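# Analysis of the macromolecular model
Below are the chains, spelled out letter by letter.
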Amino acid sequence: MTIPALNHTGVLYRRILSQFPQDISLAFAYGSGVFKQQGTDQGQMGKNMLDFVFAVDDPVTWHTMNLLQNRKHYSILKMLGPTTISAVQNEHGASVYYNTLVPVDGRIIKYGVIGTQSLIDDLMHWKTMYVAGRLHKPVKMLLQNENGKLRAALVANLKSAIAGLSYAGDFRMVIGEDKSKVANIVKDNIQHFRILYSNILRDCPQVVYKSQQGKLEVDKSPEGQFIQLMALPRTLQQRITKLVDPPGKNRDVEEILLQVAQDPDCGAVVQQGISSIVKSSSITQSIKGIATAGLWKTVSYSSKKLMKMWKGWRRKPSVSQMS
């Protein structure tokens, strides 16, 4: 199974990609500059920042080349060289190094660099869910090499996901993000979500996908829930175990998940586990962003996010308007 392509790669994206070192195993664009969200017209989309993620096999070599080509993209950390930049990338936050508010080819972009193996680990095990969570939503795939492990990991990530999953407990949703973001993403991009998930939903024995009605029927029996829990990524299983198993008991993971499957609050326990992963990585990545972006860009970027959140609140209808 392969990830379905979403439209062709446009000239703009090809021009932007050409500005960077070409040793990239996977590149995708995402966000409100790429996909229309509710309340945003085409004119506004053209002004929104374009967000990219580049996966690279050798971060030190890639940053070495990028510092030669695009030194101005980096904060003061460029003075410390590519080895230190790669260490900051790999050892802190979600293993992603972002350069933000970068002017390229007439647009303002933000791009994150992640090691290919770090990406595979996140996709397979939900170690941080930072990039894996972005790939639960439609993205515009721009480049993907013939890495079999990466392709398999991309599919595995979707099998573990539902739309909106990565927003559970995300620190950035508390302050700095449009609170109605999930609804905004889904409403105007429902067809993209169907393309992304339809094959996987058809192949999942615990889910009946009624495509005509756009509805899912999930097996909520203890047996069905146990099968789903056993198929969850390793990090999430560990977080659930930590939540449920009292200290000192050290029971087998399978035994604990069997107990959770029979709990009426099974869904809430899973949600708690997801929240703990996402909250932890989003806080540390946000802190790291101050160093990688620099103080001025951090203030500028954060103020734009807060303004966007404020507009989202104002757009949200009141209870009286909805009744």
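Residues numbered from 1 in each chain as written. Predicted model: local features only at pLDDT ≥ 70, side-chain atom pairs only at ≥ 80, totals over all residues. Heavy atoms only, no water.

For the record, the criterion: UniProt positions are given in the numbering used here, feature names are shortened, and annotations may be inferred rather than shown by experiment.
An unreviewed UniProt entry annotates the protein chain as Phosphatidate cytidylyltransferase, mitochondrial originating from Eleginops maclovinus. On record in UniProt, under Subcellular location (unreviewed entry), the comment for the protein chain is "Mitochondrion inner membrane". Heading Function (unreviewed entry) of the UniProt record for the protein chain holds this comment: "Catalyzes the conversion of phosphatidic acid (PA) to CDP-diacylglycerol (CDP-DAG), an essential intermediate in the synthesis of phosphatidylglycerol, cardiolipin and phosphatidylinositol."

## Focus: the confidence of the model for the protein chain
How we decide: The predictor's confidence in any single residue is recorded as pLDDT, a number from 0 to 100. By the criteria applied, helices consist of DSSP H or I runs no shorter than four residues and strands consist of E runs no shorter than two, each listed in order from the N terminus. Contact between two residues is taken to exist if any of their heavy atoms lie within 4.5 Å; hydrogens are not considered.
Across the protein chain, the average pLDDT comes to 82, with 77% of residues at or above 70. Mean pLDDT values over the elements of the protein chain span from 36, in helix H16 (residues 319-322), up to 98, in helix H3 (residues 59-70). Low pLDDT, under 50, characterises residues 163-176; the predicted model gives this stretch 45 contacts beyond four residues in sequence or across chains. Note that residues 317-323 has pLDDT below 50 and, in this model, one contact with residues that lie over four places away or in other chains.

## Quick word on the pattern of salt bridges
Where side chains of opposite charge bring their charged atoms close, a pairing between them can arise. Inclusion rule: By salt bridge we mean one thing: a side-chain nitrogen of Lys or Arg within 4 Å of a carboxyl oxygen of Asp or Glu. Burial classification: accessible surface area is computed with a 1.4 Å probe over protein chains only, and a residue below 20% of its type maximum counts as buried, one above 50% as exposed, and the rest as partly exposed.
Applying the stated criterion across every chain yields a total of five salt bridges. The salt bridge involving Arg15 is made with Asp105; its shortest N-O contact spans 2.6 Å. Here Arg15, found in helix H1 (residues 11-17), pairs with Asp105, found in the loop between strand S3 (96-104) and strand S4 (107-115); they are 90 residues apart in sequence, far enough to count as distant. Linking Arg251 and Glu255 is a salt bridge whose minimum nitrogen-to-oxygen distance equals 3.8 Å. In this structure Glu255 comes out as partly exposed when scored by relative accessible area, which is 42%.

## Details of the packing of aromatic side chains
As a reminder of what qualifies: Only Phe, Tyr and Trp rings take part, Trp by its six-membered ring, and two of them pair if their centres are within 6.5 Å. Stacked means planes under 30 degrees apart, edge-to-face means over 60, and tilted covers everything else. We call a charge positioned over a ring when the NZ of a Lys or the CZ of an Arg lies within 6 Å of the ring centre and within 35 degrees of the ring normal.
For the structure on display, the rule yields nine aromatic pairs. Clustering of aromatic rings is evident, with ring pairs tying together Tyr13, Phe20, Phe52, Phe54, Trp62 and Tyr111. Above the ring of Tyr98, the side-chain terminus of Lys110 is found at 5.0 Å from the ring centroid. Note that Arg134 overlies the ring of Tyr130, its terminal NZ or CZ placed 4.5 Å from the centroid.

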